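A structural walkthrough
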Amino acid sequence: MEDEKKTVVKKTVKSGITFGSALAMVISYTAWHSIGWAIFHGLLSWAYVLYYIIRY
């Protein structure tokens, strides 16, 4: 039972990080029209998403 809970948590965290990166890249590409900036902001992930929400 304990192992199942750990597996669910690991999958959830991994999916959350992937979603944050994808969201950051989409926001960045929409705003800047640059693949380079989109990749950079994807690496920053949730930090860029939060920055964008606060700034704009």
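Now for a quick tour of the structure. Every chain begins its residue count from 1, and numbering advances along the sequence as written. Owing to the predicted nature of the model, reporting of local features is limited to residues with pLDDT of at least 70; listing and counting of side-chain atom pairs is limited to 80 or more, with chain, interface and lining totals taken over all residues. Here the side-chain values reflect all heavy atoms present in the structure, with hydrogen atoms and water set aside.

1. Remarks on the overall build of the chain
- Each helix and strand counted, the chain has three helices and zero strands in total.
- Only DSSP runs of H or I reaching four residues or more are called helices, and only runs of E reaching two or more are called strands; each is numbered from the N terminus. Listing each helix as α and each strand as β along the chain from the N terminus yields α-α-α.
- Residues classed as buried in the chain amount to 20% of the 56 residues present.
- Contacts in the chain between residues at least 24 apart in sequence constitute 41% of all its contacts with a sequence separation of at least 6.
- To measure how exposed things are, a 1.4 Å probe is used in the Shrake-Rupley method; for residues, cover is taken only from the protein chains shown. Here the chain has roughly 4,700 Å² of accessible surface; of this, 71% comes from carbon and sulfur atoms. Exposure classes here rest on a 1.4 Å probe applied to the protein chains alone. A residue is buried below 20% of its type maximum, exposed above 50%, and partly exposed in between. The contact criterion used is simple: two residues touch if any of their non-hydrogen atoms lie within 4.5 Å.

2. Details of the environment of W46
- For W46, the location among the structural elements is in helix α3 (residues 46-55).
- Overall, W46 belongs to the partly exposed group, its relative accessible area being 38%.
- Sequence separation between W46 and L23 is 23 residues; the distance between their C-alpha atoms is 8.3 Å.

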